[in-house]
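Commentary on secondary and tertiary structure
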Amino acid sequence: MSDFTLYYWPVPFRGEFVRAILAHVGASVDEPGSDAISDMMSMDPRNQPVPHMASPMLVDNGSGKAMAEMPAICFWLSERFDLLPPDPHLRAITLKIVSDANDVLDEMTLSGGKAMWTEASWADYLVRLRRWMAIWEAMAEQDLLPEQPIGLAQIVTATLWGTMTKQLPELRAFLSRSPASCRADVPHPVTRRSCRPSGGKPPPFRTSLVWRRDREITTQGPARVGIA
Ligand SMILES: N[C@@H](CCC(=O)N[C@@H](CS)C(=O)NCC(=O)O)C(=O)O
């Protein structure tokens, strides 16, 4: 039997942080398929391993204890595998970083694919995405995110930006630019066409990701976005 069972879709979104922590500490993990996740999510909360709405949900097969909500899972594992700094302020900073990462992911996937990006909304969103990156850079400059020791904050940071730039390689160069030039041209992730910001207030976000009834995430158009 594996050390843990992770209920999460076969996509590199919230569950990817949990996968990264488990890989870092060398724990073995099983991932049941999408049907098992759907069944788990529709179960009576009184019968779930821990009452929850949506995946990720992690079960410790040794103790039978379980946790849901991505930041709570990250903290549970980090307490157990000693991935948190001792200083109370830096511990809270770590929680902030995990919460920030959850926010970025939600924005990039437009709440798990509930809407579609347009070329104009994508161009507008790049300003905000670059600001997120600037926030991470400022944290590092203020020694709130040291390179060592490797703990939860570092694993979450590497997983968020590493996965994003792996899945959307055009973003790597863009995120290296100064915040002042962030309204530059980055091709739309699906059409790959260059697009210009619309100016004024950004329209509602839309995504290329589709949340299908069978609970898998797929893309529209010729390019794959945010999927391993
Ligand atoms: N606040 C939860 C959000 C969980 C969540 O939205 N999970 C998504 C996948 S990333 C999901 O399974 N959504 C399906 C649903 O809510 O029905 C967390 O941070 O873990």
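To be clear, the structure that these remarks concern was listed above.
Fair warning: this is a prediction, and the values are worked out from it, not measured in the lab.

1. Remarks on the packing of helix H3 (residues 70–80) against helix H4 (residues 88–108)
Axis separation between H3 and H4 bottoms out at 10 Å; the angle between their running directions is 145°. In the packing of H3 onto H4, the handedness of the crossing is right-handed. Facing Met70, Pro71 and Cys74 of H3, the residues of H4 in contact are Leu95, Val98, Ser99 and Asn102. Residues of the contact of H3 with H4, tallied by class, amount to five nonpolar, two polar and no charged.

2. Points about the pairing of strand S3 (residues 57–60)
Note that strand S1 (residues 4–7) and S3 share four bridges and pair antiparallel. If you follow Thr5 over to S3, its bridge partner there is Val59. Across three bridges, the pairing between S3 and strand S4 (residues 66–68) is antiparallel. By the bridge assignment for S4, Val59 is matched with Ala66.

3. Describing the nonpolar core
Counting 36 residues, the largest nonpolar core has Phe17, Val18, Ile21, Leu58, Cys74 and Val156 as the members making the most contacts within it. Mapped by element, the contributors of at least two residues to this core are S1, helix H1 (14–25), S3, S4, H3, H4, helix H7 (152–167) and helix H8 (170–176). In terms of residue count, the dominant contributor to this core is H7 (six residues). There are two domains that each give this core at least three residues, and those are domain 1 (4–80) and domain 2 (88–219). In terms of nonpolar packing, the next biggest core, distinct from the first, is built from five residues, Trp117, Trp122, Ala123 and Tyr125 among them.

4. Digging into the site of the ligand
Neighbouring residues of the ligand: Phe13, Arg14, Met53, Ala54, Ser55, Pro56, Glu69, Met70, Asn102 and Gly112. For the shell around the ligand, a count of residues per class yields five nonpolar, three polar and two charged.

5. Things to note about unusual backbone geometry
The omega torsion across Ser55 and Pro56 is 15°, close enough to zero to call that bond cis. Inspection of the secondary structure assignment puts Pro56 in the loop between helix H2 (34–42) and S3. Backbone torsion omega between Gln148 and Pro149 reads -5°, so that peptide bond is classified as cis. Note on placement: Pro149 falls in the loop between helix H6 (119–141) and H7. In this model, Asp82 sits at a positive phi of 60°, which is unusual for a non-glycine residue.

6. So, the environment of Leu95
Within the secondary structure, Leu95 is located in helix H4. The sequence separation of Leu95 and Ala72 amounts to 23 residues, and the corresponding C-alpha distance is 9.3 Å.

7. Brief notes about the sheet that holds S4
Taken in spatial order, the four strands of this open sheet run S2-S1-S3-S4, and their pairing is mixed. Edge positions in the open sheet fall to strand S2 (29–30) and S4, since each of these has one partner strand only.

8. Examining the packing of H1 against H3
Packing of H1 against H3 brings their axes to within 9 Å, and their N-to-C directions diverge by 5°. By the angle between their directions, the pair H1 and H3 is classed as roughly parallel. The residues of H3 that touch H1, namely those facing Arg14, Phe17, Val18 and Ile21, are Met70, Ile73, Cys74 and Leu77. In terms of residue class, the contact of H1 with H3 is made up of seven nonpolar, no polar and one charged.

9. Overview of H1
Listed as buried for H1 are Arg14, Gly15, Glu16, Phe17, Val18, Ala20, Ile21 and Leu22. Buried residues along H1 sit against S1, S2, S3, H3, H4 and H7. Count one or two residues on from H1 and you reach Gly26, which has phi positive near 75°.

About the cut-offs
- Residues numbered from 1 in each chain as written.
- Predicted model: local features only at pLDDT ≥ 70, side-chain atom pairs only at ≥ 80, totals over all residues.
- Axes fitted to C-alpha atoms, helices over the stretch in contact; angles between N-to-C directions.
- Helix = DSSP H or I, 4+ residues; strand = E, 2+ residues; numbered from the N terminus.
- Left-handed = near helix turned anticlockwise from the far one by under 90°.
- Contact = placed C-beta atoms within 7 Å.
- Nonpolar A, V, L, I, M, F, W, Y, C, P; charged D, E, K, R; others polar.
- Pairing = 2+ DSSP bridges.
- Core = buried A, V, L, I, M, F, W, Y, C linked by C-beta atoms within 7 Å.
- Buried ≥ 20, exposed ≤ 12 C-beta atoms within 10 Å, placed from the backbone.
- Domains from an automatic or database assignment.
- Near = placed C-beta within 6 Å.
- Parallel < 35°, antiparallel > 145°, perpendicular 65-115°, else oblique.

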